Amino acid sequence: MIEKLIFVVFFWCYLIRTYFVHFHHKRYLKQVPKSILFLENFPIENAGYQYRAKKWADIINAHGFRSEVCTLIEDKAEFDRAFRVGNQISFFIKSIRLRFKQCVYARNFETVIVRRELLLFNDYGNLFMDKFLLKIHDNVILDFDDDLSAAKGQPKKITNGYGKIMLEDGNKFNNTLRLYKRFIVASDYLKQKVLLENPSLPLENVLVIPTCVDYDKYKPKQYPSTIENITFGWIGGDHNYPLLDTLLPVLNQLAEKHRFKLLVIGGNEYKRDVNFEIEFVKWSLETEVENLYRIDVGLMPLKDDLRSKGKGGFKLLQYMGLGIVSVASGITINNEIVDHGENAFLANLVEEWKEILVTILENKVDFITIGNNAREKTIRNYTFNNNSVKYLNFMQHRNSGLG
């Protein structure tokens with residue numbers, strides 16, 4: 001309770017100081033033309049950091065821009081420690097201080113891109129930091145690849161006293177969408193969400209850029225004519241393990257007649273009581289591609305809910321970009337990525353999953369052709385090279401409705 005009280009006092013001191021700095025010290029630094037600052041939340045060894053910030057920063061620099069990525073914690077081990085029991089308040093205090101400094105530093109840049117949310121996992125303060133940044137900078141873009149309102153279970157009513165004192169926002173993400181004037185989103189579904197929350201926003205102020213892959217330099221997976229023991233595979237973060245769990249009953253049934261293995265590439269170890277082999281490999285950026293090559297069939301099961309509908313399909317693109325045959329739930333963006341039966345497979349009902357997986361296990365699928373088709377479509381539509389012109393044009397043109 002004492003820690004919470006200290007946090008409340010510190011929080012309000014910083015809130016007052018933030019606005020004081022803006023209203024009483026309006027000396028703006030000169031912005032550097034063609035310069036972009038990414039305000040990231042996650043550590044360097046994180047897929048979101050790499051594929052929606054760092055890799056774009058590298059491309060931007062190669063085209064004569066100046067770009068930089070600032071995050072809250074660079075080291076993954078330190079990031080993990082910050083969210084252990086008892087460490088959250090300390091992290092919130094440090095992140096507020098650091099993010100405030102980064103917002104002030106952002107005045108040196110022509111464009112600022114906020115990744116997902118300005119204060120990570122911190123819904124307190126009625127968006128005070130976002131409002132501060134938007135006051136001192138007139139060209140801020142919000143970039144996101146997931147529906148965070150669905151992930152947070154928002155909108156929700158704040159009933160506890162601590163939350164009320166701290167001005168906890170029970171609809172933080174949707175309210176954020178009403179504040180910003182420019183957006184980069186991963187799918188048309190997310191674009192429509194922005195326009196629903198911000199109906200006066202010009203269409204050209206929302207750019208759809210998928211979470212791209214850069215597998216152009218890698219050869220597609222080489223399939224033999226037949227595969228004796230198929231390896232199903234899944235890649236993702238711990239928080240998405242429950243989605244993989246939904247497919248385990250189907251795999252258990254199939255294991256009664258067929259032999260296969262499930263390779264899981266993730267964060268914390270994935271252990272389940274099943275009647276087939278599960279091999280776990282810890283994800284890292286350095287070994288990601290070599291481990292993906294070990295997968296014969298990539299899996300992307302989703303639930304038919306708002307959280308799944310708001311996903312960007314990146315897992316599917318990782319498989320298809322390397323020419324790996326894939327099976328995914330037919331939800332929102334997956335329906336755009338996949339041409340069923342040509343470059344991957346879509347399944348929704350349990351029986352559909354079973355039918356497709358049995359066909360695969362019985363080697364009745366042309367792995368080589370489907371894998372090549374998957375690779376071609378990904379290279380054509382979902383790579384950094386393919387989307388770089390749109391991205392750079394959006395950076396250089398401040399669209400209408402910016403005030």
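Rules used throughout
Residues numbered from 1 in each chain as written. Predicted model: local features only at pLDDT ≥ 70, side-chain atom pairs only at ≥ 80, totals over all residues. Heavy atoms only, no water. 1 Å grid on protein atoms, 1.4 Å probe; cavity = no way out; pocket = protein on both sides within 12 Å on 5 of 7 lines; lining within 4 Å. Points joined across faces, edges and corners; volume = space filled by probe spheres on them. Helix = DSSP H or I, 4+ residues; strand = E, 2+ residues; numbered from the N terminus. Nonpolar A, V, L, I, M, F, W, Y, C, P; charged D, E, K, R; others polar. Pairing = 2+ DSSP bridges. Axes fitted to C-alpha atoms, helices over the stretch in contact; angles between N-to-C directions. Contact = heavy atoms within 4.5 Å. Salt bridge = Lys/Arg side-chain N within 4 Å of Asp/Glu carboxyl O. Buried < 20%, exposed > 50% of the residue type's maximum accessible area, 1.4 Å probe, protein only. pLDDT = per-residue confidence, 0-100. Core = buried A, V, L, I, M, F, W, Y, C linked by side-chain atoms within 4.5 Å.

(A) How the structure looks around the layout of surface pockets. Size it by volume and the largest pocket reaches roughly 1500 Å³. In this structure, the largest pocket is lined by 46 residues; those nearest its centre are Asn-46, Gly-237, Asp-238, His-239 and Asn-240. Elements represented by at least two residues in the lining of the largest pocket include exactly helix H2 (47–62), helix H3 (76–82), helix H6 (148–151), strand E7 (230–235), strand E8 (260–266) and helix H14 (314–321). Within the lining of the largest pocket, the residues separate by chemical class into 17 nonpolar, 13 polar and 16 charged. Empty space within the second largest pocket amounts to approximately 190 Å³. Considering the residues around the second largest pocket, the lining is formed by Leu-72, Ile-73, Glu-78, Ala-82, Asn-87, Ser-90, Phe-91, Lys-94, Ser-95 and Leu-98. Of all the elements in the fold, those that place two or more residues in the lining of the second largest pocket are H3 and helix H4 (88–105). The greatest single-element share of the lining of the second largest pocket, amounting to five residues, is contributed by H4.

(B) Representation of the sheet that holds strand E4 (residues 140–144) within the structure. The parallel open sheet is built from six strands, whose spatial order is E2-E1-E3-E4-E5-E6. With partners counted over all chains shown, the strands left at the sheet margins are strand E2 (66–70) and strand E6 (206–208), one partner each. Here the strands of the sheet are splayed against their neighbours by 20 degrees on average, with no regard to which way each runs. Here five bridges tie strand E1 (residues 32–39) to E2, and the two strands are oriented parallel to one another.

(C) Molecular detail of the sheet that holds strand E11 (residues 325–329). Pairing in this open sheet of six strands is parallel, and the strands run E9-E8-E7-E10-E11-E12 from one edge to the other. Each of the sheet's edge strands pairs with one partner strand only, and the pair in question is strand E9 (277–282) and strand E12 (345–347). Taken pair by pair, the neighbouring strands of this sheet meet at an average axis angle of 25 degrees, ignoring direction. Two elements, E11 and E12, share three bridges in a ladder whose sense is parallel. If you follow Ser-329 over to E12, its bridge partner there is Ala-347. Running over the sheet, helix H11 (residues 248–255) touches E7 and E8 and is turned about 155 degrees from E8. Relative to E11, helix H16 (residues 350–361) is tilted by about 175 degrees, and along the sheet it contacts E7, E8, strand E10 (297–300), E11 and E12.

(D) Highlighting the pattern of salt bridges. Here the structure, examined in full by the defined rule, presents 23 salt bridges. Across the pair Asp-123 and Lys-172 runs a salt bridge, and its minimum N-O distance is 3.5 Å. Linking Asp-123 in the loop between strand E3 (109–115) and helix H5 (128–136) with Lys-172 in helix H8 (residues 172–179), this pair joins segments that are 49 residues apart in sequence. Neither Asp-123 nor Lys-172 differs from the other in exposure class; each is buried. Through salt bridges that share partners, Glu-40, Arg-52, Arg-115 and Asp-143 make up one connected network.

(E) Main features of the pairing of E8. Of all seven residues in E8, six are buried; the element is thus mostly enclosed. Summarising the sheet, E7 and E8 pair through six bridges and their orientation is parallel. Bridging across to E8, Gly-233 finds its partner in Leu-263. Pairing of E8 with E9 involves six bridges; the strand directions are parallel. The partner of Lys-261 across the bridge, within E9, is Glu-277.

(F) Local environment of the confidence of the model for the chain. In the predicted model, the chain carries a mean pLDDT of 91, and 91% of its residues have values of at least 70. Counted against residues more than four places away or in other chains, residues 24–28, with its pLDDT under 50, gives six contacts. Here residues 399–403 is a poorly scored stretch, pLDDT under 50, and it has 13 contacts once near neighbours within four places are set aside; other chains count.

(G) Region of the structure containing the nonpolar core. Core analysis: the biggest nonpolar cluster contains 84 residues, and Phe-38, Phe-232, Leu-251, Val-327, Leu-357 and Ile-360 have the highest contact counts within it. Of the residues forming this core, the biggest block, seven residues, is contributed by H2. When near neighbours in sequence (up to four residues on either side) are disregarded, Leu-357 contacts Phe-232, Val-250, Leu-251, Leu-254, Leu-299 and Val-327. Core analysis: the next-biggest nonpolar cluster, separate from the first, contains 33 residues, Phe-100, Val-114, Leu-118 and Phe-128 among them.

(H) Structural detail: the side chain of Ser-329. Mapped onto the fold, Ser-329 is located in strand E11. Among residues more than four places away in sequence, those in contact with Ser-329 are Met-300, Pro-301, Leu-302, Asn-334, Leu-346, Ala-347, Asn-348 and Trp-353.

(I) Expanded view of the environment of Asn-373. Examined against the element boundaries, Asn-373 turns out to sit in helix H17 (residues 367–381). Given a relative accessible area of 28%, Asn-373 falls into the partly exposed group. When the C-alpha atoms of Asn-373 and Lys-157 are compared, they prove to be 47 Å apart, with 216 residues separating the residues in sequence.

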